[in-house]
Amino acid sequence: MQRRPLFACLYAVLSAIEASAEAPVGWVYPAEAMAAKGDRMPWPVEVVRGPSGAVGVFVFERGAGLTFRVSADGRAPWKVILLPNGPAGEPVVEGDRVEIPLADEDDKSISIAAFDLAAGKDLSRTRIAGTLKGLPSFSRLAARGADRYLAMSTSSGEIFYSQTEDSGKKWRALSAAGRTVARGDSCCPPLLVADDGPHLVFVGEYNKLVHRIASAEGSAWTDAPAVPAPAPEQGDPVAITGAQNGNQFHLVLLTSKFRFLYNWSDDAGAHWAVWTVAAAPPKDSLASFDIAATFRLKARGKNAVFTWTERGEREGDPYYCRFLVSRTSGGKWEDFSPASGVRGSSGLAAAFIGEDGGITAAVAAAPKVTTGTRYVLVRQAVKGADPGEIPSAEWWGK
């Protein structure tokens, strides 16, 4: 299966968007939109929210690069912080402090940036020693106490790793940790940190699932208990994402039959359940792996949110962002998607689960396809919001 680097794929996806139909009702907070200045649809790479109520959105725009938009309450005004020319990774959020890996495509480096959401300030940038051998693609930052761990994938499929034990003040040089066949059009392989150390799960040679654990200093990787392969009728592994709640690991796998499968472990990967189908959209709705690979999984406590992108049912329909929400650690999933898609949406979305279990989401939208202003829409669900019991309020549309 031939693939293209993710950001090249996004350029094509973001430039071919149609307007959508009637907007449904849904979450508690009404829309908040921030205007994008690029010549294509913006991509909300990550969205975060702190206990102060401050919201931040990392937005990639072709022609404008990567920016961090910060608001005191998820509404205007939005402060704009300029960032390096490259993709942002999955962040660590502790209180109102946000730490996120930032790749620089110009010099093939990666750094860890820290921000104060409540103050809207850029706190620090720490560059990690070492040079990436390919264009940076996705990265994932994980935390355990004061320790920090980083996994970074490149367009060539190489996975690099680094870690620190002093709250991120000094990082070890990047070192090779593996190689994934998912390459540049996939999310970064899950980096899950448990009592016994950091774990990596990725799709390796011959589409086999690989589960490895690092030594204490992160210099060597050994095989960990195997993640079971999906049943033959479910398809071969293509790309994988994951999240964790303590020693409980969650995985979502995209297969060659365009199915999203879910699996979990209650003992930090020592034993795994069997794969179950989380979502099985029609093949045509995913359009291609370029679009399907934008899926994400977030987890906090017993709450989990899984998002992915679908094409509309008919030619000219908008791309939809799809949401599944679980309040039972993945035991039961509820469809939390806007039934008619987002008005003028590309379907590219990001989601975040706060300490209170509330969900914040950001999605790209535009009233007109070829002209006019593009937007990033922000939506929030208050504490305890349930897919079946959400107060009636305007959600995704105008």
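See the structure above.
On a predicted model such as this, the values are computed, not experimentally measured, just so you know.

A.B. asks: Looking at this structure, I do not really get the overall build of the protein. What am I missing?
C.D. replies: Scanning the protein from N- to C-terminus turns up 3 helices and 28 strands. In the protein, the share of contacts with a sequence separation of at least 24, taken over all contacts with a separation of at least 6, comes to 52%.

A.B. asks: Explain the pairing of strand β24 (residues 320-326) here, please?
C.D. replies: Consecutive side chains along a regular strand alternate between the two faces of the sheet. In terms of residue burial, β24 counts as a mostly covered element, since 7 of its 7 residues are buried. Every second residue of β24 is oriented toward a common face, with Tyr320, Arg322, Leu324 and Ser326 on one face and Cys321, Phe323 and Val325 on the other, all of them buried. Taken together, the 7 bridges between strand β23 (residues 303-310) and β24 define a ladder with antiparallel strand orientation. If you follow Thr307 over to β24, its bridge partner there is Phe323.

A.B. asks: Even after reading the chapter, I still don't get the packing of aromatic side chains, so can you show me in this structure?
C.D. replies: The relation between two aromatic rings is expressed through the spacing of the ring centres and the mutual angle of the planes. A complete count under the given rule lists 12 aromatic pairs for this structure. Centre to centre, the rings of Phe260 and Phe306 are 5.1 Å apart; their planes meet at 75°, and the pair counts as edge-to-face. Highlighted residues: Phe260 in strand β20 (residues 260-265) and Phe306 in strand β23, separated in sequence by 46 residues. For the pair shown, Phe260 and Phe306 are each scored as buried. Each residue in the set Phe260, Phe295, Phe306 and Trp308 is aromatic and connected to the rest through ring pairs, giving one cluster.

A.B. asks: Just checking my understanding: could you explain the pairing of strand β15 (residues 197-203) for this structure?
C.D. replies: Judged by how many residues are buried, β15 sits mostly within the fold: 7 of 7 residues are covered. Pairing of β15 with strand β16 (residues 209-214) involves 5 bridges; the strand directions are antiparallel. Paired with Val201 across the two strands is His211, which belongs to β16. In this structure, the hairpin formed by β15 and β16 is closed by a connection of 5 residues, where Tyr206 is found at a positive phi of approximately 60°.

A.B. asks: Would you mind going over the side chain of Asp104 with me for this structure?
C.D. replies: Residue placement: Asp104 occurs in strand β7 (residues 97-104). Although buried, Asp104 forms no salt bridge, and the nearest oppositely charged side chain, Arg127, lies 6.6 Å from it. Among residues more than four places away in sequence, those in contact with Asp104 are Pro84, Asn85, Ser109 and Pro136.

A.B. asks: Which parts of the structure should I look at to understand the nonpolar core?
C.D. replies: In globular proteins that are soluble, nonpolar side chains generally tend to be buried together. Ranked by internal contacts, the top residues of the largest apolar core, which has 46 residues, are Val57, Phe58, Phe68, Leu83, Phe115 and Leu200. Residues within four places of Phe115 in sequence aside, it is in contact with Phe58, Phe68, Ile81, Leu83, Asp96, Arg97, Val98, Ile100, Lys121, Asp122, Leu123 and Arg125. Of all hydrophobic cores here, the second largest spans 16 residues; its members include Ala243, Val252, Ala279 and Phe306.

A.B. asks: I keep staring at the sheet that holds β23 and nothing clicks. Help me out?
C.D. replies: Strands in a sheet are paired, the pairing made by backbone hydrogen bonds, and the direction either parallel or antiparallel. Reading across the sheet, the 4 strands line up as β22-β23-β24-β25 and stay open at both edges, with antiparallel pairing between neighbours. Of all the strands in the sheet, the pair left with one neighbour each is β22 (296-300) and β25 (334-335).

Parameters at a glance
- Residues numbered from 1 in each chain as written.
- Predicted model: local features only at pLDDT ≥ 70, side-chain atom pairs only at ≥ 80, totals over all residues.
- Heavy atoms only, no water.
- Helix = DSSP H or I, 4+ residues; strand = E, 2+ residues; numbered from the N terminus.
- Contact = heavy atoms within 4.5 Å.
- Buried < 20%, exposed > 50% of the residue type's maximum accessible area, 1.4 Å probe, protein only.
- Pairing = 2+ DSSP bridges.
- Phe/Tyr/Trp six-rings, centres within 6.5 Å; stacked < 30°, edge-to-face > 60°.
- Lys, Arg positive; Asp, Glu negative; His and termini not counted.
- Salt bridge = Lys/Arg side-chain N within 4 Å of Asp/Glu carboxyl O.
- Core = buried A, V, L, I, M, F, W, Y, C linked by side-chain atoms within 4.5 Å.

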